[in-house]
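# Remarks on the overall topology
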Amino acid sequence: MKSAALDKFIHFLREELAIPSSSISLALRHQEESPNLLPMTLWQYGLISLEQLDRIFDWLETAQLTL
């Protein structure tokens, strides 16, 4: 993911979904090889709910960002 797109995505996670920075950092460390899997990594580690995952995919589609 490009830096600007990643910054927008992280801002969304923090501001709209209130996901703690520590959770985002943990997910980022565990998905280094596949940055496009960040939403799934957050969900896999139990850092977001299924409803939040759905909101993330809706937001990504609306924002037309690809991870």
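Cut-offs and rules
Residues numbered from 1 in each chain as written. Predicted model: local features only at pLDDT ≥ 70, side-chain atom pairs only at ≥ 80, totals over all residues. Heavy atoms only, no water. Buried < 20%, exposed > 50% of the residue type's maximum accessible area, 1.4 Å probe, protein only. Helix = DSSP H or I, 4+ residues; strand = E, 2+ residues; numbered from the N terminus. Arc of directions from axis to C-beta. Axes fitted to C-alpha atoms, helices over the stretch in contact; angles between N-to-C directions. Parallel < 35°, antiparallel > 145°, perpendicular 65-115°, else oblique. Left-handed = near helix turned anticlockwise from the far one by under 90°. Contact = heavy atoms within 4.5 Å. Nonpolar A, V, L, I, M, F, W, Y, C, P; charged D, E, K, R; others polar.

Turning to helix α2 (residues 21-30), its buried residues number three or more, namely Ser23, Ile24 and Ala27. The buried residues of α2 occupy an angular sector of 100° when the element is viewed end-on, so they sit on one face. Summarising the geometry of α2, the exposed residues directed more than 90 degrees from the buried face are Ser22 and Arg29.

What follows is about the packing of helix α1 (residues 3-15) against helix α4 (residues 50-63). How two helices sit against one another is set out by the angle between their axes and by the gap between those axes. At their nearest, the axes of α1 and α4 sit 11 Å apart, and the two run at 140° to each other. Between α1 and α4, the angle falls in the class oblique. Along this stretch, α1 crosses α4, giving a crossing that reads as right-handed. In contact with Lys8, Phe9, Phe12 and Leu13 of α1, α4 contributes Arg55, Ile56, Trp59 and Leu60. Among the residues forming the contact of α1 with α4, the class breakdown is six nonpolar, no polar and two charged.

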